[in-house]
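Overview (structure and organization)
Chain by chain, the residues:
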Amino acid sequence: MHFIIAGNIVDIQGQRIFQGKLEVSDGKITAITEFPSAENMQGYILPGFIDAHVHIESSMLIPSEFARLAVVHGTVATVSDPHEIANVCGIDGINYMIDNGRSVPFKFYFGAPSCVPATAFESSGATINSTEVEALLQRPEISYLSEMMNFPGVLNNDEEVMKKITVAKKLNKPVDGHAPGLRGGDARRYIDAGISTDHECFTAEEALEKLNLGMNIIIREGSAAKNFEALSDLLNDHSDNMMFCSDDKHPDSLVNGHINELCARAVAKGIDVFKVLKAACVNPVHHYKMQVGQLTVGDAADFIVVDNLKKFKVQRTYIDGILTAEGGTTLISSIREEEINHFNAEPCKLKDLEISTNNTEIRLPVIEALDGQLITNRLEADLKTVNGKIVSDVNKDVLKIVVMNRYNKAPVAKAVIKNFGLKKGAIASSVAHDSHNIISVGTTDEDICEAINLVIENKGGISCVDLDGKVKEILALPVAGLMSNEDGYRVAEQYTKLDMAAKDLGSTLSAPFMSLSFMALLVIPHLKLSDKGLFDGDKFEFVS
């Protein structure tokens, strides 16, 4: 196929904009011709956007459906860590993502998950050891070693951890980092081990220190974790070593926008547009050695047309010369994919959720959820007891939270959490990083039990229950208990309905289900809950 497209061509490397035309044949750019400046062209042609770190699974969509939604916003490629499905289904899950991603015109660059399971303090559905990681990294479709969240293992020279890093370096494939709050000598040692990126910085001071130590910093703005405001000003002086990512983005957010939104926000702050586009379009290609076109002759015809360089509203998206989106509408067709799963949970019973005590007054550690952050605080609070049982205290917003093993029969782990804001009912999810057991928070054991059992009945999903108000809603996620294989826009509508239902129950969080999914993420401080118990993320040990 041959075609010509004209407009204002954005040369990011040369830091100039000129009027001209592109000629495309057989998916490649064959010529770029500059026009006299007198011509008045509409639209700006530039390389497509790249999400430099994302878990596709967190969109609750299989890769082909993620692509359908992302191209509308000018995204042509992702650096995708299949860590979530790997924790559930192992190598078979990674192969599922790769195979489905091949079915659409989109460029998925998958990594080899480095931490499956993420820690020894939780029950996962699979294990991927250093031998298996080496085999993955030798495959051409595996581009890098995914985020090394076991930073204590790096600092302590854990044998398995270091084998994975060593083979990635040997094969000249980048190693992604994950070290929130790591500073000083420990940060230097972590970076010196070969870790090249971090998307977990939540202060400019931390990011600047890591930049000065030679690390690439990825600005994250997802559905739960939002670090753009804290880090974006660093683009003014460090645009050569920064990228954009979403990390975890729910389907309703993906319908509204993607990396294009971050470009618009950065330009609105007065950051030079070429520095912004370097982070959004260029740096990931160089760092991850991606075969994604950069708008030069001989490159793959991966480019977009936007209305202007302020709002970045995408008019058209091309990938390998294929028009994949136009005028806000995706042109990628839905593909009906089979399911893969690992789900063995038996129905929950009320007695499984009880926390018994002989004390009428009891003070225990409390998880404090923070809106827009993955980190939590550790508080202590006096807990409410009724008939020798610890129960949720709606008036103090101290609610029961539980995690149930979905792979094997085991006691339910129980704790208390603050800041979810529920006044009635409960929510539950089989999306619970990193091992994806079933997690639930609620105001009564009856509501929690019902919410969990809705998830179990559907072999995965997110649910919202208010037995008094006769609310029983479920978004089924039959692919690994993480994703739907239905139309992405329909899934987004269903998710929005569940999100609103949780907020109608009183939740004050901007993304209640996304926040809930991270309350079991042990590698992020300070206090979390796994299926094995309450966990101190600073000391990396259980709370007695």
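Residues numbered from 1 in each chain as written. Predicted model: local features only at pLDDT ≥ 70, side-chain atom pairs only at ≥ 80, totals over all residues. Heavy atoms only, no water.

A short note on the overall build of the protein chain
A tally of helices and strands in the protein chain yields 16 helices and 28 strands. The C-alpha radius of gyration of the protein chain comes to 23 Å, within 12% of the 24 Å expected for a compact globule of 544 residues. With respect to the three principal axes, the spread of C-alpha positions in the protein chain is 85 × 50 × 40 Å. For the protein chain, buried positions account for 63% of its 544 residues. Across the protein chain, the fraction of contacts at a sequence separation of at least 24, relative to all contacts at a separation of at least 6, is 67%. (Helix = DSSP H or I, 4+ residues; strand = E, 2+ residues; numbered from the N terminus. Rg over C-alpha atoms; globule rule 2.2 N^0.38 Å. Buried < 20%, exposed > 50% of the residue type's maximum accessible area, 1.4 Å probe, protein only. Contact = heavy atoms within 4.5 Å.)

Notes on the sheet that holds strand β14 (residues 314-319)
With mixed pairing, the eight strands of this open sheet are ordered in space as β3-β2-β1-β4-β13-β14-β15-β16. A strand with exactly one partner marks an edge of an open sheet, and here the two such strands are β3 (28-34) and β16 (329-330). Sheet topology places strand β1 (residues 2-11) next to strand β2 (residues 16-25); 10 bridges connect them, and they run antiparallel. Bridge pairing in β2 places G7 opposite G20. (Pairing = 2+ DSSP bridges.)

Section: the state of the cysteines
Tallying each qualifying case throughout the model produces zero disulfides. Cysteine C263 is unpaired, with the sulfur of C281 as its nearest cysteine sulfur at 6.0 Å. Here C263 falls in the buried class, since its relative accessible area comes to 0%. (Disulfide = S-S within 2.5 Å.)

Some points on the packing of helix α4 (residues 130-137) against helix α6 (residues 159-170)
It is the contact of α4 with α6, at a shortest axis distance of 9 Å, that shows an interaxial angle of 15°. By the criterion of interaxial angle, the relationship of α4 to α6 is roughly parallel. In the packing of α4 onto α6, the handedness of the crossing is right-handed. Contacts between α4 and α6 involve S130, V133, E134 and L137 from the former and E160, K163, K164, V167 and A168 from the latter. A class-by-class count of the residues in the contact of α4 with α6 yields four nonpolar, one polar and four charged. (Axes fitted to C-alpha atoms, helices over the stretch in contact; angles between N-to-C directions. Parallel < 35°, antiparallel > 145°, perpendicular 65-115°, else oblique. Left-handed = near helix turned anticlockwise from the far one by under 90°. Nonpolar A, V, L, I, M, F, W, Y, C, P; charged D, E, K, R; others polar.)

Observations concerning α6
Taking 1.5 Å as the rise per residue, α6 with 12 residues should run 16 Å; its terminal C-alpha atoms sit 16 Å apart, in good agreement. Those residues of α6 not exposed but buried are V161, M162, K164, I165, V167 and A168. Each element contacted by the buried residues of α6 is listed here: α4, β8 (142-148), α5 (151-155) and β9 (175-177). For α6, the N-terminal cap is D158; the gap from its side-chain oxygen to the backbone nitrogen of E160 is 3.1 Å. Following α6 by one or two positions, N172 adopts a phi angle in the positive range, close to 60°. (Expected span 1.5 Å × (residues − 1). Polar contact = N/O pair within 3.5 Å; in protein donor to acceptor, adjacent residues only side chain to side chain.)

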